[in-house]
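So the chains spell out like this:
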Amino acid sequence: MNFCLSLPQRVFTLSTTTDKNAIDHALLRPGRIELQVQTDRISLRAKEDIFRDEIPSGISLEAVRERLADMTGAEIRGFCRELKLRAFRRGSHTVSDDDLDLPTTVP
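Residues numbered from 1 in each chain as written. Predicted model: local features only at pLDDT ≥ 70, side-chain atom pairs only at ≥ 80, totals over all residues. Heavy atoms only, no water.

Caption draft 1: Seen up close, the overall build of the protein chain. A count of helical and extended segments in the protein chain gives three helices and zero strands. Overall, the protein chain shows an N-to-C arrangement of helices and strands of α-α-α. The proportion of buried residues among the 107 residues of the protein chain is 24%. A fraction of 51% describes how many contacts in the protein chain between residues 6 or more apart in sequence connect residues 24 or more apart. (Helix = DSSP H or I, 4+ residues; strand = E, 2+ residues; numbered from the N terminus. Buried < 20%, exposed > 50% of the residue type's maximum accessible area, 1.4 Å probe, protein only. Contact = heavy atoms within 4.5 Å.)

Structure representation (structure tokens):
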């Protein structure tokens, strides 16, 4: 048990969430989470950049702009993964507008 003696006196834990309401109220009691920092959602331009980074061509931004507006960066990446899987299932290496017509599992 000698390893316990080498632990730092203060331990910092960093937690993140996209849904503040999902945090257990027991964690919000005094002495548990000392500091909460809230950031704004990323801009639509940044969301479009994430989409273009994942899907460089094949789909026009106009076709997905409305869907991207309410997504987080992680949700956009998940959406792009799903589009790539659809293209793969139909035997293509390129995502197209046809892949957008199918129902999505990501909002």
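Read on for the rest.
Caption draft 2: Summary view of the environment of Ala63. Structurally, Ala63 can be placed in helix α2 (residues 61–68). Residue Ala63 is classed as partly exposed on the basis of its relative accessible area, which comes to 37%. Sequence-wise, Ala63 and Leu100 are 37 residues apart; in three dimensions their C-alpha atoms are separated by 8.3 Å. Dropping the residues within four chain positions of it, Ala63 is found in contact with Asp97 and Leu100.

Caption draft 3: Layout of α2. Taken together, the buried positions of α2 are Leu61, Val64 and Leu68. The arc enclosing the buried residues of α2, seen along the axis, measures out at 80°, which places them on a common side. Facing away from the buried side of α2, by more than 90 degrees, are the exposed residues Glu62 and Glu66. The inward-facing, buried residues of α2 abut α1 (44–54) and α3 (73–89). (Arc of directions from axis to C-beta.)

Caption draft 4: Main features of a nonpolar patch on the surface. A cluster of nonpolar side chains, contributed by Leu27, Leu28 and Ile33, occupies part of the molecular surface with about 220 Å² of accessible area. Considering the arrangement of structural elements, one finds Ile33 in the segment before α1. (Patch = residues over 30% accessible without salt bridge, like charges linked within 9 Å, V, L, I, M, F, W, Y side chains within 5 Å. Areas by Shrake-Rupley, 256 points an atom, 1.4 Å probe, with all protein chains shown as cover. Salt bridge = Lys/Arg side-chain N within 4 Å of Asp/Glu carboxyl O.)

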